[in-house]
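These are the residues of each chain, in order.
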Amino acid sequence: MSGTKYVDSEGFLYAAPIREQGNIYKPNNKMMADELSEKPVHDVHTKEIDLVNRDPKHLNDDVVKIDFEDVIAEPEGTHSFDGIWKASFTTFTVTKYWFYRLLSAIFGIPMALIWGIYFAILSFLHIWAVVPCIRSYLIEIQCISRVYSICIHTFCDPLFEAIGKMFSSIRATVRKEI
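If you're wondering where the values come from, they're calculated on a predicted model, not measured in any experiment.

## Topic: the pattern of salt bridges
Note on pairing: side chains with opposite charge can pair once their charged atoms come close. Taken as a whole, this structure holds 1 salt bridge when the rule is applied. Of the charged contacts, one joins Glu-161 and Lys-165 as a salt bridge, the two residues approaching to 3.8 Å between their closest N and O atoms. One end of the pair is Glu-161 and the other is Lys-165, both in helix 3 (residues 82-167) and 4 residues apart, which spans about a single turn.

## Some points on unusual backbone geometry
Positive phi, close to 55 degrees, is recorded for His-58, a residue that is not glycine. With respect to the helices, strands and loops of the structure, His-58 is situated in the loop between helix 1 (30-35) and helix 2 (68-71).

## Thoughts on the packing of aromatic side chains
Per the counting criterion, the structure on display carries 7 aromatic pairs. Note on Phe-68 and Phe-89: the rings are 5.5 Å apart at their centroids and 90 degrees apart in plane angle, and the pair reads as edge-to-face. One end of the pair, Phe-68, is in helix 2; the other, Phe-89, is in helix 3, and 21 residues separate them in sequence. What makes Phe-89 partly exposed here is its relative accessible area of 36%. Ring plane angle 90 degrees and centroid distance 5.5 Å describe the contact between Trp-115 and Tyr-118, whose orientation is recorded as edge-to-face. Taken together, the residues span about one helical turn, with Trp-115 and Tyr-118 both in helix 3 at a distance of 3 residues. What makes Trp-115 partly exposed here is its relative accessible area of 45%. Accessibility expressed as a relative area gives 42% for Tyr-118, which makes it partly exposed. Arg-101 extends its terminal NZ or CZ atom over the ring of Trp-98, reaching a point 5.5 Å from the ring centre.

Reading the values: rules and limits
- Residues numbered from 1 in each chain as written.
- Predicted model: local features only at pLDDT ≥ 70, side-chain atom pairs only at ≥ 80, totals over all residues.
- Heavy atoms only, no water.
- Salt bridge = Lys/Arg side-chain N within 4 Å of Asp/Glu carboxyl O.
- Helix = DSSP H or I, 4+ residues; strand = E, 2+ residues; numbered from the N terminus.
- Phe/Tyr/Trp six-rings, centres within 6.5 Å; stacked < 30°, edge-to-face > 60°.
- Buried < 20%, exposed > 50% of the residue type's maximum accessible area, 1.4 Å probe, protein only.
- Lys NZ or Arg CZ within 6 Å of the ring centre and 35° of its normal.

By themselves, these figures tell us nothing about what the structure is for.
Given below as C-alpha cells:
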C-alpha cells in the first residue's frame with residue numbers, strides 16, 4: 001500500500017494508506033459504490049404538518065362534529081323570534097370555537113406531553129416485554145403441542161375410528177305418513 005504523506009499536529013510525517021478498493025466513504029469500485037450509495041432518509045420527527053386538514057385519518061368524524069342544529073332545535077309551532085334564534089346560533093358557534101381554542105392553548109401542550117409519554121411507554125412495553133413474552137410462550141408451547149399431538153394420535157384416533165366404524169352401519173330413514 002502506498003499513499004500520500006501528511007503531517008500530524010506534532011510535526012511527524014506519515015503516509016496515508018490507500019485501500020485498493022477505494023475509501024470506504026467514497027469507494028472506487030462500482031459494487032462498493034452501489035452498496036454504500038446514500039438513500040434519502042425520512043425523519044418522522046421533522047415531517048411537514050398539514051395545517052388545513054388536521055384529521056387526515058378521520059379519527060373524529062363521528063364524535064366532535066357537533067353543530068348548533070345537532071344540539072338545539074325548535075319544532076314546528078314553537079319558534080322563538082328570528083333575532084333570538086340568530087343570536088343563539090352565533091353565541092353557540094363562537095363560544096364553542098373560542099372556548100376550544102382557549103382549552104387547546106392551556107391544556108394542548110401538557111396533554112400532548114402526557115399522551116406522548118403514555119404511547120412511548122406503551123411502545124416500549126410492547127417491544128421489550130409483550131412480544132418477547134409471546135414469542136417465548138410460543139416456543140415453549142411447541143414442545144407441549146407435540147406431546148399433546150402424540151397422545152391424541154395414539155389414544156383418541158383409534159378410539160374414534162372404532163366408534164365411527166361401529167356407527168357407520170346405522171342407517172336412518174325418515175318417512176312422512178299422511
